[in-house]
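# Results of the structural survey
Chain by chain, the residues:
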Amino acid sequence: MKRVIAGLVAAGLLLMAPAPASARVPSAPDQPLAGKLILLDPGHQLGNSNPKFAKKMAQKKFNGSIVKGCNTTGTATNKGFPEATFTWRVAKRLKRILEAQGARVEMTRTTNSYDDWGPCVWDRAGMANSLKADVMLSIHADGASARSKGFFAIAPGLIKGWTDDVVKKDRRLATAMIAGMAAAGATPSNYVSKQLMISRTTTGLNFSNVPTVTIEVGNMRNAAEAARMSSSSGQRQYAQWLAAGLDRFFAGR
Ligand SMILES: [Zn+2]
């Protein structure tokens, strides 16, 4: 008994002693993402459409469901603003927002250039795996019919030997992104039920061993969304919505 009391006193003293700086950081209200490693994956690459990289783009791999190619060109607005450039700009803005919240942020590509290609989607997932990222977020925009609008999440289906180790966390991430983005004011998709698409054939999702989600943030073929995507204030808004989704996910841990 005496020993227990002594132990409690010691514990009390320990609690009163100032915590080491490293232990205090995660609870600081302005650094909610301290200690988190987030891999941002801006979809596509400008040079994916460059004919000199056709052979690179034609590389193929089995993804657990089907055989698919290295990467694609992505879509564009009707005025020709490319998805690759849009996702690149949003990712750069989002990186700064997340870093300001204390996160370490890495990117799957470090250029947006007609003279660069890829990386292949399986290599992007490979980066998430070797970094042991807490989250990989793939940022895309859709090219749907003109009246379609709003964001939705794509999460992987259950594939034995591929996604079974992480599929529940993937789903929790997608659900948190949807709730967090909607609460922050992002337009929910009017063409994907409950803003959630389950895909068995998305290579990056299947290759990733860490919680991963693809967000189609809007439809580049919808005039209003195309205008927002093409402006720097709109790009900032999309980055803020994505940050709200990630904040929701990490707050739920
Ligand atoms: Zn895309």
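Structure first, text after, so check above.
Worth saying up front: this structure is predicted, and the values here are computed from it rather than measured.

Attention now moves to the overall build of the protein chain. Helix and strand counts for the protein chain stand at 9 helices and 8 strands. Residues classed as buried in the protein chain amount to 43% of the 253 residues present.

Reading across from one edge, S4-S1-S5-S8-S6-S7 is the order of the 6 strands in this open sheet, with mixed pairing throughout. Here the strands that pair on one side only, and so sit at the sheet edges, are strand S4 (104-107) and strand S7 (196-199). Taking each pair of neighbouring strands and ignoring which way they run, the sheet shows an average axis angle of 25°. Both strand S5 (residues 135-142) and strand S8 (residues 212-219) contribute to a ladder of 6 bridges, which runs parallel. Opposite His140, over in S8, you have Glu216 as the bridge partner. Those strands touched by helix H9 (residues 232-251) are strand S1 (37-42), S5 and S8, and its axis lies near 145° from that of S5.

Turning our attention to the nonpolar core. Membership of the largest hydrophobic core comes to 57 residues, with the highest contact counts inside it found for Ile38, Leu137, Met177 and Leu242. Ranked by residues supplied to this core, first place goes to H9 with 9 residues.

Bringing unusual backbone geometry into the picture now. Residues Gly118 and Pro119 are joined by a peptide bond in cis, for which omega reads -5°. Among the secondary structure elements, Pro119 is positioned in the loop between S4 and helix H5 (121-131). For Lys132, which is not glycine, the phi dihedral falls at a positive 55°. With respect to the element layout, Lys132 can be found in the loop between H5 and S5. You can call Lys132 exposed: it has 10 C-beta atoms within 10 Å. Its identity as a non-glycine residue notwithstanding, Lys194 has a phi of 55°, on the positive side.

Within S1, 5 of the 6 residues are buried, which leaves it mostly tucked inside the rest of the structure. Alignment of S1 against S4, held across 4 bridges, turns out to be parallel. Each residue of the ladder has a partner; that of Leu40, found in S4, is Met107. In the sheet, S1 pairs with S5 via 5 bridges, with the strands oriented parallel. Each residue of the ladder has a partner; that of Pro42, found in S5, is Ile139.

What follows deals with helix H8 (residues 223-230). Of the residues making up H8, those classed as buried are Glu225, Ala226 and Met229. Buried positions in H8, seen along its axis, are confined to an arc of 105° and lie on one side of it. Taken together, the buried residues of H8 touch helix H4 (83-100), S5, S8 and H9.

Turning our attention to the pairing of S5. Two faces, one strand: in a regular strand the side chains alternate between the faces of the sheet. Buried residues dominate S5, accounting for 8 of its 8 residues. Going residue by residue along S5, you find Val135, Leu137, Ile139 and Ala141 tucked away on one face and Met136, Ser138, His140 and Asp142 tucked away on the opposite face as well.

How two helices pack is summed up by the angle between their axes together with the distance between the axes. Following both chains from N to C, one finds H8 and H9 inclined at 95°, their axes separated by 5 Å at the closest point. When the interaxial angle is binned, H8 and H9 end up roughly perpendicular. Across from Arg228, Met229 and Ser230 in H8, the residues of H9 making contact are Gly234, Gln235 and Gln237. When its residues are assigned to classes, the contact of H8 with H9 shows 1 nonpolar, 4 polar and 1 charged.

Quick look at H4 now. For H4, which comprises 18 residues, the first-to-last C-alpha distance of 26 Å matches the rise-based estimate of 26 Å (1.5 Å per residue) to within 8%. Along H4, the residues classified as buried are Glu83, Ala84, Phe86, Thr87, Trp88, Arg89, Val90, Ala91, Leu94 and Leu98. Looking at the packing, one finds that the buried side of H4 touches S1, S4, S5, H8 and H9. Gly102 sits one or two positions beyond H4 and adopts a positive phi of about 100°.

Basis of the calculations
- Residues numbered from 1 in each chain as written.
- Predicted model: local features only at pLDDT ≥ 70, side-chain atom pairs only at ≥ 80, totals over all residues.
- Helix = DSSP H or I, 4+ residues; strand = E, 2+ residues; numbered from the N terminus.
- Buried ≥ 20, exposed ≤ 12 C-beta atoms within 10 Å, placed from the backbone.
- Pairing = 2+ DSSP bridges.
- Axes fitted to C-alpha atoms, helices over the stretch in contact; angles between N-to-C directions.
- Contact = placed C-beta atoms within 7 Å.
- Core = buried A, V, L, I, M, F, W, Y, C linked by C-beta atoms within 7 Å.
- Arc of directions from axis to C-beta.
- Parallel < 35°, antiparallel > 145°, perpendicular 65-115°, else oblique.
- Nonpolar A, V, L, I, M, F, W, Y, C, P; charged D, E, K, R; others polar.
- Expected span 1.5 Å × (residues − 1).

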